[in-house]
Structures are given as C-alpha cells and as structure tokens.
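If you want the building blocks of each chain, they are given just below.
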Amino acid sequence: LFWTNVLPKYDQVSGLKLIVAEKSALLESRNQIVQRLAELQNEYENKYSELQRVALVIPEKKNLPEVITTIDAISSQTGATLNELNIGDEASKASQNKNILSLKIDMGATYESLIAFLGFLEKNLRLLDLRAFTVTNNAGKDQGRKTADGSDILTIQIKAKTYYLKPINGNEQK
C-alpha cells in the first residue's frame, strides 16, 4: 500500500516543491524589478524638475528675439541709452553640451543707471557671464554729455556671453 499510494504522491509533492521554489524566486525577481522601476520613476521625476529649472537658465533654443528684448527692456527700465547691440555665435568645445552667444553692448548711462542695469542683468533668469566691462567718462572732451540734472553720461561697453543647449539631433535652432 505504501509503495503504490504514498510514494507516488510523495514524489509528486517533492516535484511541486521544486516548482513552487522556482516560482517564488521568479516572483521575488519580478518584485525587485517592479521596485526598481518605481525608484527609476521617482528619479526621473526628480531629474525632470531639475531639468525644468536648468531650462530657465540655459534655454534649449538660441531665441535671439528674447535676448534682444531683454537687453532693450533692461536699458529702458534703468534709463540707459542702448547705442549698439551685437550678437554672434562663438565656437564651443565639441565636448560641451552648450552653445555660446557672445554679446557686445555699447550704451550711455549715468552711474546710477549703470548700477541698476547691472542689477537687472544679475537678476535676469537667463545665465549671462560678463567678460569685459569698460566705462569711459567723456567729461574732458567737449564738456561731455550731461543729463538734465547735470550728471555725466558715461560711455559703457560690456562684452558678455550667454548660453543655450546644443540640440541632441544636431539641428540648429533659432
């Protein structure tokens, strides 16, 4: 009786224990995968919010109209007279993931207007690196230019750089 009834059932249960162990290992592996996917989703969401913040400082596109209107608006707000604004592309290293726009700003302003202008540039969302800064007082030449209240108008030249991201697919964006 033992050999005919119990032993086959015992062998069958032993085989089922192996299958259960394999399925348990598979289930544990899948649970780890699901947990890792959840971690990756959280990491992606965190990186995406960081990328959104970076996009404000270093935009994806060159966006020249935005650069021009920002400089013009800042000069208007501060009372500076924008005489000339030159914008050009500058070569960047192939290993860098950003492109460089060089700016040359020539303007006339009083000292107070100049300080306010620099303050607005500093608070501007788009990253701007001042590379050269020249201030000339033309008071000695032809009595210089003066404002209505008698303040000297300074001649100012600013050379700066701003950045935008290189496109992933290599297509240049305006």
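A. How the structure looks around the packing of helix α2 (residues 64-78) against helix α3 (residues 111-123). The interhelical angle for the contact between α2 and α3, taken along N-to-C directions, is 140 degrees, at an axis separation of 9 Å. Once α2 is placed against α3, the crossing between them reads as right-handed. Side by side, α2 and α3 meet where I71, I74, S75, Q77 and T78 of the first sit next to S113, A116, F117, F120 and L121 of the second. Each residue belonging to the contact of α2 with α3 can be placed in one class, and the counts come to six nonpolar, four polar and no charged.

B. Summary view of the nonpolar core. In terms of nonpolar packing, the biggest core is built from 17 residues, with I71, I105, M107, F117, L121, I156 and I158 touching the most fellow members. Going through the elements one at a time, α2, β2 (98-109), α3 and β4 (154-165) are the ones with two or more residues in this core. Ignoring any residue separated from it by four or fewer positions in sequence, one finds L121 in contact with I71, I74, L128 and L130.

C. Geometry of the confidence of the model for the chain. Considering every residue of the chain, the mean pLDDT works out to 84; 86% of them sit at 70 or more. Ranking the helices and strands of the chain by mean pLDDT puts α2 first, with 94, and helix α1 (residues 2-57) last, with 84.

D. Just a nonpolar patch on the surface, in detail. Together, Y44, Y48, L51 and V54 make up an exposed nonpolar region whose accessible area comes to about 410 Å². With respect to the helices, strands and loops of the structure, V54 is situated in helix α1. When its relative accessible area of 39% is taken as the criterion, V54 is described as partly exposed.

E. Structural view of α3. Over its 13 residues, α3 extends 19 Å from the first C-alpha to the last, a length consistent with the 18 Å expected when each residue adds 1.5 Å. Listing the buried residues of α3 in full gives S113, L114, F117 and L121. One face of α3 carries all of its buried residues, which in axial projection span an arc of 100 degrees. For α3, exposure combined with an orientation more than 90 degrees from the buried face picks out Y111, E112, E122 and K123. The inward-facing, buried residues of α3 abut α2, β2, β3 (128-137) and β4.

Basis of the calculations
- Residues numbered from 1 in each chain as written.
- Predicted model: local features only at pLDDT ≥ 70, side-chain atom pairs only at ≥ 80, totals over all residues.
- Heavy atoms only, no water.
- Axes fitted to C-alpha atoms, helices over the stretch in contact; angles between N-to-C directions.
- Helix = DSSP H or I, 4+ residues; strand = E, 2+ residues; numbered from the N terminus.
- Left-handed = near helix turned anticlockwise from the far one by under 90°.
- Contact = heavy atoms within 4.5 Å.
- Nonpolar A, V, L, I, M, F, W, Y, C, P; charged D, E, K, R; others polar.
- Core = buried A, V, L, I, M, F, W, Y, C linked by side-chain atoms within 4.5 Å.
- Buried < 20%, exposed > 50% of the residue type's maximum accessible area, 1.4 Å probe, protein only.
- pLDDT = per-residue confidence, 0-100.
- Patch = residues over 30% accessible without salt bridge, like charges linked within 9 Å, V, L, I, M, F, W, Y side chains within 5 Å.
- Areas by Shrake-Rupley, 256 points an atom, 1.4 Å probe, with all protein chains shown as cover.
- Salt bridge = Lys/Arg side-chain N within 4 Å of Asp/Glu carboxyl O.
- Expected span 1.5 Å × (residues − 1).
- Arc of directions from axis to C-beta.

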